[in-house]
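Structure at a glance
Chain by chain, the residues:
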Amino acid sequence: MELLLLILATLLILTLVCHFFYLNKQNGPEKLPLPPGHVSWPFKYFETLDYLKKAKTDAIHEFIAERVHKYKNSKCFKTYHIGQKMVFLTSAEGNKFLFSNDYKLVRSWWPDTFLKVLENAGDEITIEDVTRARKQFLSFFNEPDALARHVAITDQVVQDHFRRYWDGCNEVRVYPLARKLTFDVSFRLLADIRDREILDESLPLMVQVVRAFFALPINFPGTTFNRAIKSSRKLRKIFVDIIKERRSELLEKKNLDERNDILSRILVENYKEGKDVDDVFLAKNLVALLSAAFDNPSATITSIVKNLADLPEISEKVRKEQIEIAKSKAPGQPMSMKDIKKMKYSMTVISESLRLEPPASGTFREAIEDFNYEGLRIPKGWKVHWSIHATNRNPEYFPNPETFDPSRFERNDPIVPYSYVPFGGGQHICPGKDYAKLQILLFMHHAVRKFKWEKVNPDEQMIRDPDLSPAKGLPVRLCPYACDN
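Residues numbered from 1 in each chain as written. Predicted model: local features only at pLDDT ≥ 70, side-chain atom pairs only at ≥ 80, totals over all residues. Heavy atoms only, no water.

1. Things to note about the sheet that holds strand β9 (residues 451-455)
Sheet strands pair via backbone hydrogen bonds, and the direction of the pair is either parallel or antiparallel. For clarity, the cut-off: For two strands to count as paired, DSSP must find a minimum of two bridges between them. Strands are runs of DSSP state E lasting at least two residues, helices are runs of H or I lasting at least four, and both sets are numbered from the N terminus onward. Lines are fitted to the C-alpha atoms to define the axes, a helix being fitted only along its stretch in contact, and any angle between axes, read from their N-to-C directions, falls within 0 to 180 degrees. Any pair of residues with heavy atoms lying within 4.5 Å of one another is described as a contacting pair.
Spatial strand order, β4-β12-β9: 3 strands in an open sheet with antiparallel pairing. The outermost strands of the open sheet, each flanked by one partner alone, are β4 (171-173) and β9. Across the sheet, the axes of successive neighbouring strands diverge by a mean angle of 35°, strand direction being ignored. Direction of pairing for β9 relative to strand β12 (residues 475-480): antiparallel, over a ladder of 5 bridges. Note that in β12 the partner of Lys 455 across the bridge is Val 476. Packed on one face of the sheet, helix α9 (residues 174-191) meets β4 and β12 and runs near 65° to β4.

Here is the structure:
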């Protein structure tokens, strides 16, 4: 009798366990509905065209808001974007969910054009390659006092830039010059390159490279993609030559330990540890880092110049702050982190520029497996986009979102967590964010004390093609102050 009861109890438990797993499978993500939206023919092409149309007028937030309203405040929607079935997340909660699930539910993803442009002929670069190299580069970015070591160097590059390209001019085009400045700063930080010939040869090549990251992958002569591949190879050759020269200096014991640039530090570290890193592989990763380092800060500098021209009262507050900092310095005394930390109001102007006119639209992830988000199924292999435009101009998070108002970052009103993430988040947060802020602040420090300016085209605005840039390069008329305060 006891044996029979034991058998029956065992069968009952097995039945309950099987039923539990059956119900769990029935309620798993594979049984949930997909997010609302369109990814099939012919609607997917209308989706792409609508996105591109709104991007041209820097109105991607409207593309997102229209779909949030259409799908009754859905926390996400599906669409067809850059040739992929793409899920857009539309809230601060969505940003937090994505950032906290890196390498759990999602992994980093970039368009194939991005990888193909950066690859070497016959030797493809992979996400794993970039990640491995990135970890070594990041170790130098994250060293204690690393940023402080570069304040005076960056300030020297900025001052040289103004002497060469602004001083004595009645009119300048801001965007091309901003790109030249941030490229010079980035090249100096990465490889300690000061040779004007190398810099002037490399910048046009890099501009071709970044233009093709979201281009159609059509590799025919004359296409954007083809020009970018050729430019990338030329840049790698420039970097390989630099690396070979730097290795020779290392073997000749020319005190590379005293250099602060990342390339020299990597070569010294690998030499001491007996590691042999392929020159082409190292050059390839330097090109990738340089492409990320120079483009976005130049767009933000341009945005700030535009906004200060439109809002003289804000420009004057920035100028007063920077004059006070300059007065506290002895003649010829280099800038320091102490000075940078005093630029509190200038930093709010940067923050507001990044909110209203972010240089990049966000980044992408790929679903590692099917998962449940807000009761909706995100299929394995689908791409997920956190778009900065979903929150930055959303009145739920920022009252009067179309108004340029730096004071919103001065007030004690708390900003909703993950609603303002100009540099991303999670394991892929921008490693150079503090270096980008540094060069922008130093540009402001010199620009507002040297000049007052006005836009040549009063109605000129920023557009996206695909990233942020002024429609006509932002030409401005310069009115020098009587003396450099």
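Now, onward.
2. Topic: the pattern of salt bridges
Where charged atoms from two side chains of opposite charge approach closely, those side chains can pair. To be explicit about the condition: Counted as salt bridges are all cases of a side-chain nitrogen of Lys or Arg within 4 Å of a carboxyl oxygen of Asp or Glu.
Overall, the coordinates contain 30 salt bridges when judged by the stated rule. Residues Asp 58 and Arg 393 are paired through a salt bridge, measuring 3.0 Å at the closest nitrogen-oxygen approach. On the criterion of sequence distance, the pair formed by Asp 58 in the loop between α2 (43-56) and α3 (60-70) and Arg 393 in the loop between α17 (389-392) and α18 (433-450) is long-range, its members being 335 residues apart.

3. Details of a nonpolar patch on the surface
Inclusion rule: A patch consists of residues exposed above 30% relative accessible area that lack any salt bridge, with like charges linked at up to 9 Å and nonpolar side chains (Val, Leu, Ile, Met, Phe, Trp, Tyr) linked at up to 5 Å. All accessibility values rest on the Shrake-Rupley procedure with a 1.4 Å probe; residue burial counts only the protein chains present in the view. The classification of residues rests on relative accessible area computed with a 1.4 Å probe and restricted to protein chains. Under 20% of the type maximum is buried, over 50% is exposed, and intermediate values are partly exposed.
The grouping of Phe 43, Phe 46 and Leu 49 at the surface amounts to a nonpolar patch, some 330 Å² of accessible area in total. Here Leu 49 shows up in helix α2. Its relative accessible area of 54% is what places Leu 49 among the exposed residues.

4. Description of the sheet that holds strand β1 (residues 76-81)
Pairing is mixed in the open sheet, where 5 strands are placed in the order β1-β2-β8-β5-β3. Bordering the open sheet on either side are β1 and β3 (106-109), each of which pairs with just one other strand. Pairwise comparison of adjacent strand axes, ignoring direction, gives a mean angle of 35° for this sheet. The pairing of β1 with strand β2 (residues 84-89) spans 6 bridges and is classified as antiparallel. If you follow Tyr 80 over to β2, its bridge partner there is Lys 85.

5. Some points on the side chain of Asn 285
Using the following cut-off: Between N or O atoms, a polar contact is any pair within 3.5 Å; within protein, one atom must be a potential hydrogen donor and the other a potential acceptor, and residues adjacent in sequence are included only when both atoms are from side chains.
Here Asn 285 is to be found in helix α13 (residues 279-310). From its side chain, Asn 285 meets the backbone oxygen of Phe 281 in a polar contact 2.9 Å long.

6. Remarks on the pairing of β2
For a regular strand, side-chain orientation follows a simple rule: the groups alternate between the two sheet faces. Where β1 folds back onto β2 in an antiparallel hairpin, the turn is made up of 2 residues, including Ile 82, whose phi is positive at roughly 40°. Here β2 runs beside strand β8 (residues 383-387); their pairing, made up of 4 bridges, is parallel. Among the inter-strand pairings, Val 87 is bridged to a residue of β8, identified as Val 384.

7. Considerations on unusual backbone geometry
Leave glycine aside and you will find that most residues have negative phi; peptide bonds, for their part, are mostly trans. A cis amide bond links Trp 41 with the next residue in sequence, Pro 42, at an omega value of -5°. Relative to the helices and strands, Pro 42 is located in the loop between α1 (2-26) and α2. A positive phi is found at Tyr 103, a non-glycine position, where the angle reads about 65°. Along the chain, Tyr 103 falls in the loop between α4 (92-99) and β3. With a phi close to 45°, Asn 400 is a non-glycine residue in the positive phi region. Judged by its relative accessible area of 57%, Asn 400 is exposed.

8. What about the environment of Ala 447?
Locating Ala 447 in the fold gives a position in helix α18. Residues Ala 447 and Gln 159 lie 288 residues apart in sequence; the distance between their C-alpha atoms is 9.7 Å. Not counting residues up to four positions away in its chain, the partners in contact with Ala 447 are Phe 162 and Trp 453.

9. Concerning the pairing of β8
Taken across its 5 residues, β8 has 5 buried, putting it largely inside the fold. Because side chains alternate across β8, one face comprises the buried residues Lys 383, His 385 and Ser 387, and the other comprises Val 384 and Trp 386, equally buried.

10. A few points about the packing of helix α8 (residues 151-165) against α9
Note the threshold: Each helix crossing is assigned a hand: it is left-handed if the near helix lies turned anticlockwise from the far helix by less than a right angle, otherwise right-handed if that turn is clockwise. Classification used: nonpolar for Ala, Val, Leu, Ile, Met, Phe, Trp, Tyr, Cys and Pro, charged for Asp, Glu, Lys and Arg, polar for all others including Gly.
The interhelical angle for the contact between α8 and α9, taken along N-to-C directions, is 145°, at an axis separation of 10 Å. Considering the relative orientation of α8 and α9, their crossing is right-handed. Together, Ile 153, Thr 154, Gln 156, Val 157, Val 158, His 161 and Tyr 165 of α8 and Leu 177, Lys 180, Leu 181, Asp 184, Val 185 and Arg 188 of α9 make up the contact between the two elements. For the contact of α8 with α9, the class distribution of residues is 7 nonpolar, 3 polar and 3 charged.

11. Quick word on the packing of aromatic side chains
For clarity, the threshold we go by: Ring geometry is summarised as follows: Phe, Tyr and Trp rings, the Trp one being its six-membered ring, pair when their centres sit within 6.5 Å, and such pairs are stacked at plane angles under 30 degrees, edge-to-face over 60 and tilted between the two. By definition here, charges over rings are those cases where NZ of Lys or CZ of Arg is within 6 Å of the ring centre and within 35 degrees of the ring normal.
Evaluated as defined, the whole model comprises 26 aromatic pairs. Aromatic side chains Trp 109 and Phe 364 sit 5.7 Å apart centroid to centroid with 90° between the ring planes, which places their arrangement in the edge-to-face category. Here Trp 109 is found in strand β3, whereas its partner Phe 364 is found in strand β5 (residues 362-367), with 255 residues between them in sequence. A relative accessible area of 10% places Trp 109 in the buried class. Arranged with centres 5.2 Å apart and planes meeting at 35°, the rings of Phe 187 and Phe 239 form a pair that is tilted. Here the residue Phe 187 occupies a position in helix α9, and Phe 239 occupies one in helix α11 (residues 224-251), the gap between them amounting to 52 residues. Taken together, the aromatic side chains of Trp 109, Trp 110, Phe 114, Phe 213, Phe 214 and Phe 364 make up a single cluster linked through ring pairs. The ring of Tyr 481 has Arg 319 lying over it, and the distance from NZ or CZ to the ring centre is 3.5 Å. Positioned above the aromatic ring of Phe 398, the side-chain terminus of Arg 355 is 5.4 Å from the ring centre.

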